[in-house]
Amino acid sequence: MFYSVALIAYLIDNVFGEFDGVKFIKHPIILMGNYISWFQKKFYADSVVQGGILTVSLVFIVYTITSLLSLIDSVLVQGFLASFTLASKMLFDSVKDVITSGSLEEKREKIAMLVSRDTSSMSNSDVNKAAVETYAENLSDGVIAPLFYLVCFGIVGAYVYKAINTLDSMVGYRNEKYENFGKVSAILDDIVNYIPARITAVLIAILFASKKALSEFNAYGKKHESPNAGLPISSMALCLGVRLGGPTLYFGKLKNKPYFGDGRINIENSDVVKSISLKKNLDIFLIVLLVILTLLF
């Protein structure tokens, strides 16, 4: 287990985030995205096999490079490299930036950078709903999942996870273009997020001290078309006493998503503030846990 590396990585991410403004540091996730874009331009075909080649090739490249980097015998270096797989500070800052925007139009512009749904006609409640859902879902994808694989398998595990997750975010859509091409990526993403999504949902419920969320998040979460994404979203909805999900516009088409939670439909600014207030207790919990595990093992 890589407890000390995970601890250092988590601390670095929470202090420095994405290292914005540091010109000589190219974020590894951007490099992965560049490779995916290049492959699509050169070799895209409406084919499961072709999409599978993209997935296998990127995972192989990432596995090979990180395996070599894992040979560096320094906990600090490993922690620094691993910090790029975490997005705790960036996620918090991005969602906070949405709700601190002055006008509704500014809020729409900010949330458009975080979600794939149509934002041009969103009400204030719609923007807030998207912000809460984004924070809950990405708490799993951007924090708990990479941290889980980092603890278990070191930087190799964390980066391979991020490769799969980046593939899913770019080609794992169920539409005409990506239904076949992104199928392998989407299936792999479902597999690697199975455990972290459930850990995230439980942590949300526990840190908000909500027995209702702890006992009911699975019942609502399984209504989601994804086997994972609905769980942290449902847990957050139950903790806040709101209903997330519901009819949502994607690429000009209304998608009748189920509701997650049984509370208010109108999502207020205070609900978003409460959702991201989780970060403080989550940070304390994870840091204390990793310190204890580092000292014990």
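Description of the structure in this document. (Residues numbered from 1 in each chain as written. Predicted model: local features only at pLDDT ≥ 70, side-chain atom pairs only at ≥ 80, totals over all residues. Heavy atoms only, no water.)

### Concerning the pattern of salt bridges
Tallied over the entire structure, the rule returns 12 salt bridges. A salt bridge links Glu-105 to Arg-108; its shortest N-O distance comes to 3.4 Å. Of this pair, Glu-105 and Arg-108 both sit in helix α6 (residues 104-112), separated by three residues, roughly a single helical turn. Classification of Arg-108 as buried rests on a relative accessible area of 17%. Residue Arg-117 is joined to Glu-133 by a salt bridge in which the shortest nitrogen-to-oxygen separation is 2.7 Å. Of this pair, Arg-117 sits in the loop between α6 and α7 (124-171) while Glu-133 sits in helix α7, placing them 16 residues apart in sequence. Take Arg-117: its relative accessible area is 9%, and that puts it in the buried class. Residue classification places Glu-133 among the buried positions, given a relative accessible area of 2%. Connected via shared salt-bridge partners are Arg-117, Glu-133 and Lys-257. (Salt bridge = Lys/Arg side-chain N within 4 Å of Asp/Glu carboxyl O. Helix = DSSP H or I, 4+ residues; strand = E, 2+ residues; numbered from the N terminus. Buried < 20%, exposed > 50% of the residue type's maximum accessible area, 1.4 Å probe, protein only.)

### A few points about the packing of helix α9 (residues 194-207) against helix α11 (residues 230-240)
The geometry of α9 relative to α11 is characterised by a closest axis approach of 8 Å and an angle of 10 degrees between their N-to-C directions. Here α11 runs roughly parallel to α9, going by the angle between their axes. Of the residues in α11, those touching α9 at Ala-197, Arg-198, Thr-200, Ala-201, Ile-204 and Ala-205 are Leu-231, Pro-232, Ser-235, Met-236 and Cys-239. Here the residues of the contact of α9 with α11 sort into eight nonpolar, two polar and one charged. (Axes fitted to C-alpha atoms, helices over the stretch in contact; angles between N-to-C directions. Parallel < 35°, antiparallel > 145°, perpendicular 65-115°, else oblique. Contact = heavy atoms within 4.5 Å. Nonpolar A, V, L, I, M, F, W, Y, C, P; charged D, E, K, R; others polar.)

### With respect to the side chain of Gln-78
Along the chain, Gln-78 turns up in helix α4 (residues 75-83). Among the polar contacts listed, one links the side chain of Gln-78 to the backbone oxygen of Leu-69, at a separation of 2.9 Å. With residues near it in sequence (within four places) discarded, Gln-78 still touches Val-5, Leu-69, Ser-70, Ile-72 and Ile-155. (Polar contact = N/O pair within 3.5 Å; in protein donor to acceptor, adjacent residues only side chain to side chain.)

### Focus on the nonpolar core
Residues Leu-54, Leu-58, Ile-111, Leu-139, Leu-150 and Met-236 are the most contacted members of the largest nonpolar core, which totals 81 residues. Take this core: its biggest share by element is 24 residues, from α7. Every residue in contact with Leu-150, bar those within four places of it in the chain, is listed here: Phe-2, Val-5, Ala-6, Ala-9, Ala-82, Ile-155 and Ala-158. (Core = buried A, V, L, I, M, F, W, Y, C linked by side-chain atoms within 4.5 Å.)

### Notes on unusual backbone geometry
One non-glycine residue, Ala-209, adopts positive backbone phi at about 55 degrees. Here Ala-209 is to be found in the loop between α9 and α10 (211-221).

### Points about the side chain of Ser-235
Among the structural elements, Ser-235 can be located in helix α11. In this structure the side chain of Ser-235 is engaged in a polar contact, spanning 2.8 Å, whose partner is the backbone oxygen of Ala-201. Excluding residues that lie within four positions of it along the chain, Ser-235 makes contacts with Ala-201, Ile-204, Ala-205, Ala-213 and Phe-217.

### With respect to α6
Taken together, the buried positions of α6 are Lys-107, Arg-108 and Ile-111. Taken down its axis, α6 places every buried residue within 100 degrees of arc, on the same side. (Arc of directions from axis to C-beta.)

### Observations concerning α10
Of all the residues in α10, the buried ones are Ala-213, Phe-217, Tyr-220 and Gly-221. Looking straight down α10, one finds that the buried residues subtend no more than 80 degrees of arc, so they occupy a single side. When the buried face of α10 is taken as reference, the exposed residues oriented beyond 90 degrees from it are Lys-211 and Ser-215. Elements in contact with the buried residues of α10: α9, α11 and β2 (253-260).

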